[in-house]
Structures are given as structure tokens and as C-alpha cells.
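Remarks on the overall topology
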Amino acid sequence: MKWLLPAFILVPAAEIMLLLYSGNKIGIMPTLLLILISGIGGAYLAKRQGLKAFTDLRNRMGTMEAPGNAMIDGICIFFGGVLLIMPGFITDIAGLLLLFTGPRKLIRPFIVSWIYKKMKQGRIVIR
């Protein structure tokens, strides 16, 4: 959690710099339209992907399978949707990466190893 405070300072500062730069280069209205389109499109895409992940999770639970990847996909889609709703280009790119299946497959092993490490330390307990 020591990275959380710098992230709350650096990410908004970088977003503001990028938005100001974009506003100067392409204009205020195109920048605002890009932010609006990415927010609306991101919300739609997150809803669609979220319903797909929820259906997959429900099917796995119905057949008594471990929900592992389906649950991680659902969490990634949730955070991707939150990032897409936030105004800014950096958060939009990160949110899109979390919404699409290809980048999620690259990120998933890191999440699994992080969860495994936390379980070994006793910080996450599954009952």
C-alpha cells in the first residue's frame, strides 16, 4: 500500500498535464469530446464485458468448478470500467487494457501470484 499515495498524486497530475497539452494541440472541444466518448463508450463496453464475465462465473459455479479466472476477469472488468469513467487519457488506456481479453490474459498471472503471496502471508484467508 506504500504505492497508493504516490499514485493518487502522480496519476492526476499526469492526467491534468496531458489534458492541458491535448487542449492546446487539438483544441478544447475535441478534447472534451474525446473524454465524453471514451466515458460513454467505456461504460457500454464495461457493461457488456461485465455481463459476459458474470455469466461465465455463474456457469462455473453451477457446474461446481472453481471460479478462478472468471472471478479475476470480473474484478479486472470492474476496475477497467471505473478507470474508463474517470476523465483522462491515461486512465482510459489502462481501463481499456483491463476490459479486453488479450491484455487481461497477460495481467492475470501477476494477479494470481499476488493473491498466492498474500495467502501464504496469511493476509487473505479463504474459507
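Above this text is the structure in question.
So, a few notes on the structure that sits alongside this text. Here the residue index of a chain counts from 1 through its sequence in written order. The predicted nature of this model means local features are confined to residues of pLDDT at least 70 and side-chain atom pairs, given and counted, to a pLDDT of 80 or more, with totals for whole chains, interfaces and linings taken over all residues. With hydrogens and water stripped out, all remaining heavy atoms of the structure feed into the side-chain values.

**Some remarks on the overall build of the chain**
Helix and strand content of the chain: 5 helices and 0 strands. The reference for a compact globule is 2.2 Å times residues^0.38; the radius of gyration itself is calculated from the C-alpha atoms. Over its C-alpha atoms the chain spans a radius of gyration of 17 Å, topping by over 25% the 14 Å that the globule rule assigns to 127 residues. Relative accessibility thresholds used throughout: buried, under 20% of the residue-type maximum; exposed, over 50%; partly exposed, between the two (1.4 Å probe, protein chains only). Counting every position in the chain, which comprises 127 residues, the buried fraction comes to 25%. Put simply, 50% of the contacts in the chain that link residues at least 6 apart link residues at least 24 apart. Total accessible area on the chain stands at roughly 9,400 Å², and carbon and sulfur atoms take up 75% of it. Asp and Glu count as negative and Lys and Arg as positive, but His and the ends of the chain are not part of the count. A charged residue contributes its charge at one atom only: NZ of Lys, CZ of Arg, CG of Asp or CD of Glu. Averaging the coordinates of the 15 positive side-chain charges in the chain and doing the same for the 5 negative ones gives two points 7 Å apart. Strands here are runs of E lasting at least two residues and helices are runs of H or I lasting at least four, both read from the DSSP assignment and numbered beginning at the N terminus. It only takes one pair of heavy atoms within 4.5 Å for two residues to be counted as in contact. We get accessible surface area from the Shrake-Rupley algorithm with a probe of 1.4 Å; when it comes to residues, only the shown protein chains can shield them.

**Focus on unusual backbone geometry**
With phi around 60°, M64 is a residue other than glycine that occupies positive phi space. Within the fold, M64 resides in the loop between α2 (28–62) and α3 (68–85). Classification of M64 by relative accessible area gives exposed; the value is 76%.

**Notes on the nonpolar core**
Among buried residues, those of type Ala, Val, Leu, Ile, Met, Phe, Trp, Tyr and Cys that are joined through side-chain atoms within 4.5 Å constitute a nonpolar core. Judged by nonpolar contacts, L45, A46, A53, I77, L84 and L99 together constitute the single largest core of 6 residues. Counting residues per element, this core draws most heavily on α2, at 3 residues. Apart from the residues within four sequence positions on either side, L84 is in contact with S38, G39, G42, T91, D92, G95, L96 and L99.

**Some details on helix α4 (residues 89–99)**
Of all the residues in α4, the buried ones are F89, T91, D92, G95, L98 and L99. Buried-residue contacts for α4 involve α1 (4–26), α2, α3 and α5 (101–121).

None of this, on its own, says anything about what the molecule does.
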